[in-house]
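Architecture at a glance
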Amino acid sequence: MKKRISVLGSTGSIGTQTLDVIRHHPDRFEAVVLAASGSRIDLLIEQALEFRPKWVAVAREELAGALERQLPDGIRVAAGEAGLAQVAAEAGADIVVSAIVGTAGLVPTLAAVGAGIPVALANKESLVAAGHLVMAEAAAKGVPIVPVDSEHSAIFQCLNGEPRGAIDKLILTASGGAFRNRSREELTDVTPDEALRHPNWAMGAKVTIDSATLANKGLEVMEAHWLFGVPFDAIDVLLHDESVIHSMVQFADGSVMAQLGTPDMRIPIQYALTWPDRLDSPARRLDLAEIGRLHFRRADFARFPMLRLAYEAGRTGGTLPAVFNAANETAVQLFLQRKIRFLQIEEIVERVMEAHRIEPHPDLDGVLGADRHAREAVLSLVSG
């Protein structure tokens, strides 16, 4: 029997690669939901015509009419935040791939978990902004959350069969992004086009910029804290140029286990869908003799202030992680629009964090309110 997959964020980088995996194993998987948060309506329609899901959903309600006119009978259409949550919870999926970028993915992820559906989590913002809510709901419902991010998938695989009490520390690896070999003085006038030239991975624009600031790694530190129950002092970050070792676990006896592979997101995506089993993958096989050497450097907080700010947000908790995430997301968008400079991203995020009044134990409304206020604060700073 085929595993039924809901793909939330089907038009994004993770979503399109998830569909590659489904396409590679048509006898194992079928897509029952395709959902998108953005405006790539033509691609969403193209995907729907190929995979013939039960549901197609779009976050922008004004696009629902165009979908209904161009899709054949038998494919139902949902729209808006409520529509995304509805298809996440009610479409009869065996697993939901949560790959909508940003906090827009939080409500659908909670809806899936609340319905008792396992989640393959690529939307790291859900755990950054509301890890206390998501993980509590998952524990209450007995729902597995399997990580899709290559770093967290690596840790997840290294921990298979290992007692969590034996963990000494988690070691997340980072490529360092497009500017990893540049000094801060050389970043003053860099452009979005330069920042989007990632040396190893093919990713969406927002994640690629986050890789250059190391904000992405900061979000992953917070995500790892919630996924694996490890304190922030036991999570390290190493710069690793080749992106071959995707992350490591050091155990109490000094042993270190690592997961290696080519930088191809289809590997962790497929493992999240098949766990605990493994299937043949379309990814290129790793040839260590061809690579020859692997390089590592410590991640420097002075060089990458966004990583420092992420640790501060995570350790403080409450609504501050949501503020970090929302301020960064908004600032990155402004940089991509050429309205601010690259180094202003970190300046703006720090100012918004410093001005925020922290709510220590927020409910969902509190998290979403902090997110909204942080975005408004960024826009106010830039316009003022």
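Residues numbered from 1 in each chain as written. Predicted model: local features only at pLDDT ≥ 70, side-chain atom pairs only at ≥ 80, totals over all residues. Heavy atoms only, no water.

Quick look at the overall build of the chain now. A count of helical and extended segments in the chain gives 16 helices and 12 strands. In terms of overall dimensions, the chain is globule-like: its C-alpha atoms have a radius of gyration of 20 Å, near the 21 Å expected for 384 residues. Projected onto the principal axes, the alpha-carbon positions of the chain cover approximately 55 × 55 × 40 Å. Here the chain holds 384 residues, and the buried ones make up 56% of them. A separation threshold of at least 6 residues defines the contact pool for the chain, and within that pool the share at least 24 residues apart is 67%. Accessible area for the chain stands at about 16,200 Å²; split by element, carbon and sulfur atoms hold 48% of it. Computed over 38 positive and 49 negative side-chain charges, the separation of the two mean positions in the chain equals 2 Å. (Helix = DSSP H or I, 4+ residues; strand = E, 2+ residues; numbered from the N terminus. Rg over C-alpha atoms; globule rule 2.2 N^0.38 Å. Buried < 20%, exposed > 50% of the residue type's maximum accessible area, 1.4 Å probe, protein only. Contact = heavy atoms within 4.5 Å. Areas by Shrake-Rupley, 256 points an atom, 1.4 Å probe, with all protein chains shown as cover. Lys, Arg positive; Asp, Glu negative; His and termini not counted. Charge placed at Lys NZ, Arg CZ, Asp CG, Glu CD.)

This paragraph deals with the sheet that holds strand β11 (residues 256-260). As summarised here, the arrangement of the five strands in space is β11-β10-β8-β9-β12, forming an open sheet in which the pairing is mixed. Edge positions in the sheet fall to β11 and β12 (296-298), since each of these pairs with one other strand and no more. Each strand axis lies, on average, 30° off the axis of its neighbour in the sheet, ignoring direction. Across three bridges, the pairing between strand β9 (residues 235-240) and β12 is antiparallel. Its bridge partner lying in β12, H240 is registered against F296. Of the strands in this sheet, β8 (167-174) and β9 are in contact with helix α10 (residues 215-228), which crosses β8 at around 150°. (Pairing = 2+ DSSP bridges. Axes fitted to C-alpha atoms, helices over the stretch in contact; angles between N-to-C directions.)

Time to look at the pairing of β8. With six of eight residues buried, β8 lies mostly within the body of the structure. Pairing between β8 and strand β10 (residues 245-251): five bridges, direction antiparallel. If you follow I167 over to β10, its bridge partner there is F251. Summarising the sheet, β8 and β9 pair through five bridges and their orientation is parallel. Paired with A174 across the strands is L239, a residue of β9.

Our focus in this paragraph is the pattern of salt bridges. In this structure the tally under the stated criterion is 21 salt bridges. Between D264 and R266 there is a salt bridge whose closest N-O contact spans 2.8 Å. R266 carries the same exposure label as D264, and that label is buried. Residues joined by salt bridges that share partners form a network here, namely D20, R23 and E50. (Salt bridge = Lys/Arg side-chain N within 4 Å of Asp/Glu carboxyl O.)

What follows concerns the packing of helix α4 (residues 80-90) against helix α5 (residues 106-114). Between α4 and α5, whose axes approach to 8 Å, the crossing angle comes to 30°. Between α4 and α5, the angle falls in the class roughly parallel. The two elements α4 and α5 meet at a crossing, and its hand is right-handed. Across the interface between the two elements, E81, L84, A85, A88 and A89 from α4 touch V107, P108, A111 and A112 from α5. Residue classes in the contact of α4 with α5 are distributed as eight nonpolar, no polar and one charged. (Parallel < 35°, antiparallel > 145°, perpendicular 65-115°, else oblique. Left-handed = near helix turned anticlockwise from the far one by under 90°. Nonpolar A, V, L, I, M, F, W, Y, C, P; charged D, E, K, R; others polar.)

What follows covers the packing of aromatic side chains. Going through the model one piece at a time under the given rule, you end up with five aromatic pairs. Centroid distance F156 to Y271: 6.5 Å. Interplanar angle 65°. Geometry classified as edge-to-face. Placement of the pair is F156 in helix α7 (residues 150-158) and Y271 in helix α11 (residues 266-274), with a sequence separation of 115 residues. As far as the burial class goes, F156 and Y271 line up, both buried. A ring pair is formed by F179 and F342, whose centres lie 5.2 Å apart and whose planes are at 85°; its orientation type is edge-to-face. Of the two residues, F179 is situated in the loop between β8 and α8 (192-195) and F342 in the loop between α14 (320-336) and α15 (344-355); the sequence distance between them amounts to 163 residues. Each member of the aromatic cluster is reached from another via a ring pair, and the members are F156, Y271 and W275. Positioned above the aromatic ring of F304, the side-chain terminus of R303 is 4.4 Å from the ring centre. (Phe/Tyr/Trp six-rings, centres within 6.5 Å; stacked < 30°, edge-to-face > 60°. Lys NZ or Arg CZ within 6 Å of the ring centre and 35° of its normal.)

Here is the key point about a regular strand: its side chains alternate between the two faces of the sheet. With seven of eight residues buried, strand β2 (residues 29-36) lies mostly within the body of the structure. With six bridges connecting them, strand β1 (residues 3-8) and β2 associate as parallel partners. What sits directly across from S6, in β2, is V33. Once the chain exits β1 it traverses helix α1 (residues 13-24) before rejoining the sheet at β2, and the crossover so formed is right-handed. With helix α2 (residues 41-51) bridging β2 and the parallel strand β3 (residues 55-58), this β-α-β connection has right-handed handedness. (Right-handed = clockwise from strand over helix to strand, strands pointing away.)

What follows is about the sheet that holds strand β7 (residues 145-147). Strand order in the open sheet formed by seven strands is β4-β3-β2-β1-β5-β6-β7, with parallel pairing between adjacent strands. A single partner strand is all that each edge strand has here, and the edge strands are β4 (76-79) and β7. If you compare each strand with its neighbour and ignore which way they point, the axes differ by 25° on average.

Turning our eyes to something else, we now look at the nonpolar core. Generally speaking, nonpolar side chains in soluble globular proteins are found buried as a group. Among the nonpolar cores identified, the biggest contains 128 residues, and L67, L170, F228, F324 and F342 are the most heavily contacted of them. The element contributing the most residues to this core is α14, with 10 residues. If we ignore the near neighbours within four places in the chain, the residues touching L170 are I155, A224, F228, V230, A234, I235, D236, M248 and V249. (Core = buried A, V, L, I, M, F, W, Y, C linked by side-chain atoms within 4.5 Å.)

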